[in-house]
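Survey of secondary and tertiary structure
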Amino acid sequence: MNREDIQQLAKLAQLHIADDQVDEVTNRISTVLALVDQLSAVDTEGVAPMAHPLDAVQILRADEITEPNVREQMQAIAPATEDGLFLVPKVID
Amino acid sequence: MEWETVIGLEIHVQLATKTKIFSGASTAYGAEPNTQACAIDLAMPGTLPVPNRQAFKLAAMFGLAIDAPIARRSVFERKNYFYPDLPKGYQTTQLDEPIVGAGHVDITLDDGTEHRVRIHHAHLEEDAGKSLHEDYHGMSGIDLNRAGTPLIEIVTEPDMRNAEQAVAFAKKLHGLVVAIGICDGEMSQGSLRFDVNISVRPKGQKELGIRTETKNLNSFKFMEEAIELEVERQISVIESGGTIRQETRLYNGDTKKARSMRSKEDSNDYRYFPCPDLLPVILDDSFLAEVAAAMPELPEAKRARYTGDMGLSEYDAKVLTGDVATAVYFDAAVNAGAIPKLAANWIMGDLAAFLNRQELTIKQSPVTPAALAGLTQRIDDGTVNSKMAKAVFEGMAAGEGDADTVIEAKGLKQVSDSGALEKIIDDVMANNTQQVEGYRAAPEDKRAKMVGFFVGQCMKASKGQADPKQLNQLLVKKLNG
């Protein structure tokens, strides 16, 4: 891991890391990755990737409407709303 | 240089479930903003998704329709990116273990040739919400009603070579998902959205050129325009010495222009990983049997049935199966005893014209399939001739009852009783003695033409109700003396 990797990761995760902290974060994450390296050393040849730690199967639900309109409650805790919409800083794609 | 275009499609199909893929909130279109967005859709802390069984069923039906294997085990992954219409910060989707494996869709091109488009796979995922960028004081408005609507994303192989093939495939796919009832097909409401991957290469070259992706086309016309525009652009870039950038593009159907949305270099690394909130979904034999039992007849099988036993032309079968509601109507009419060929003619002719004038859909037709069946029977057994049949149809359309009721009420019975016909003929001959003499004096080869005059007179006398075939026979016999 180098500074650029950390900065790119921070960007993807939408985290702000101050310039003077980047070196420290880089070091710490590298330490964590060293632990992952130990896992990688295990021979997993022929072992199917695990999708979930529980040996269980997903329950499915029936296609029936069970959720009422909760707009009022949800918008009461939103920073900004208008015409029933949640307002967010302008996004342009 | 001669160029070859290579096209592959990704199609997002909204599944026709009542509720979302991971919550029990309604998916009905057109509701007030955010009235169908529950705590799960909004990614409130402490919520857990529970998948909708029906979404799996509809996705599996698509697999059967394209002759693809259905995965008995499928796994959801998180595709991570930040966008305000995706409250969780990731889209729950499938990657390595999608529900539908490889299949194919065969299309027929305008020149009659068949072309196979291979489907790489189709996976289940959730739709995002909607962002409205209009003026909210410099902010964007977010409506999360659509967030969590179940989708299948269908990914084709790069098997299309021009816009015509791509559009033919898109139309076929649209017809298919509507016919099997997994999608309402309302493209203007975003129920089906096409992403088109396009590249060009010198003809004969094996390796593919660099492709661009034009996203979110929601009409066949825009799709055709966008492909033609992009192919032209790529060729002109390359021919003037440039290179194609791998990028995502947006086509604007109003301005007929496309623009680059984002280039792949600064695109997201989605950092997929298995979703810890969801266990693997296992579909067992009884589930798959239920899916198979729910499969309606596929349009191709329907067409074969129409052109086979029923004896319809390829054209008739294509028109009737081109629209699900029309095929349902036709089948109902035939089940009610309609003569298939006659029913097909009426449905595509007078009924279609009438519904068009009244701005009604075939589902709203005041002439029921059973009523139309009755009319075809009365035409077939000679009770009414084609001209009278139109009057009967008008009566039925005006709500005057079924065919027999209208025939009775309007006195529209065709006269095929030979006694009655003979009387009409005798009267006409008695009133036109000169013409009768002229006929009898004429040489044999001229006579056939002269019969027309008498047919017309007799028809008029019968108020159009004479059986034309029988009238003709009797008339010739009498005229020849």
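Residues numbered from 1 in each chain as written. Chains lettered and ligands numbered in written order. Predicted model: local features only at pLDDT ≥ 70, side-chain atom pairs only at ≥ 80, totals over all residues. Heavy atoms only, no water.

Turning next to the interface of chain A and chain B. Taken residue by residue, the interface counts 35 residues in chain A and 56 residues in chain B. Taking both partners together, chain A and chain B bury about 4100 Å²; carbon and sulfur atoms supply 63% of that area. Our count for the chain A to chain B interface comes out at 0 salt bridges. Among the secondary structure elements, those contributing two or more residues to the side of chain A that touches chain B are helix 3 (71-76) and strand 2 (85-89) of chain A. Ranked by the residues each element gives to the side of chain A that touches chain B, the list is headed by strand 2 of chain A, at 5 residues. In terms of residue class, the side of chain A that touches chain B is built from 19 nonpolar, 7 polar and 9 charged. (Contact = heavy atoms within 4.5 Å. Buried area = accessible area lost by both parts, 1.4 Å probe. Salt bridge = Lys/Arg side-chain N within 4 Å of Asp/Glu carboxyl O. Helix = DSSP H or I, 4+ residues; strand = E, 2+ residues; numbered from the N terminus. Nonpolar A, V, L, I, M, F, W, Y, C, P; charged D, E, K, R; others polar.)

Interface extent is often summarised as the accessible area lost during association of the parts. Residues and elements named next belong to chain B. Looking at the assigned domains, one finds that chain B contains domain 1 (8-204 + 267-286), domain 2 (297-410) and domain 3 (418-479). Placing the centre of domain 1 and that of domain 2 at their C-alpha centroids yields a distance of 37 Å. Facing 7 residues of domain 1, the contacting portion of domain 2 comprises 4 residues. Buried area between domain 1 and domain 2, summed over both chains or domains, comes out near 460 Å², and the portion from carbon and sulfur atoms is 67%. (Domains from an automatic or database assignment.)

Right, let's talk about the nonpolar core for a bit. Residue and element names in this part refer to chain B. F62, L124, F169, I182 and F194 are the most contacted members of the largest nonpolar core, which has 65 residues in total. Per-element accounting of this core gives the leading share, 9 residues, to helix 2 (residues 163-179). In this structure, Y329, F330, F354 and L375 belong to the second largest nonpolar core, which totals 36 residues. (Core = buried A, V, L, I, M, F, W, Y, C linked by side-chain atoms within 4.5 Å. Buried < 20%, exposed > 50% of the residue type's maximum accessible area, 1.4 Å probe, protein only.)

This part is about unusual backbone geometry. Residues other than glycine predominantly adopt negative phi, and peptide bonds predominantly adopt the trans conformation. Notably, Q14 of chain A is not glycine yet its phi reads approximately 55°, a positive angle. Counting through the fold element by element, Q14 of chain A comes out in the loop between helix 1 (3-12) and helix 2 (22-40). If you check the backbone angles, E359 of chain B has positive phi at about 55° while not being a glycine. Considering the arrangement of structural elements, one finds E359 of chain B in the loop between helix 8 (340-358) and helix 9 (369-380).

Right, let's get into the pattern of salt bridges. Where charged atoms from two side chains of opposite charge approach closely, those side chains can pair. Residues and elements named next belong to chain B. Within this structure, the stated rule accounts for 37 salt bridges over all chains. The salt bridge partner of E4 is R201, with a shortest N-O separation of 2.9 Å. Residue E4 is located in strand 1 (residues 3-14), and its partner R201 is located in strand 10 (residues 192-202); the two are separated by 197 residues in the primary sequence. In this structure R201 comes out as buried when scored by relative accessible area, which is 9%. Here R233 makes a salt bridge to E230, at a shortest N to O gap of 2.9 Å. A residue pair is termed a helical-turn pair when its members lie 3 or 4 positions apart in one helix, as R233 and E230 do in helix 3 (residues 220-239) at 3 residues.

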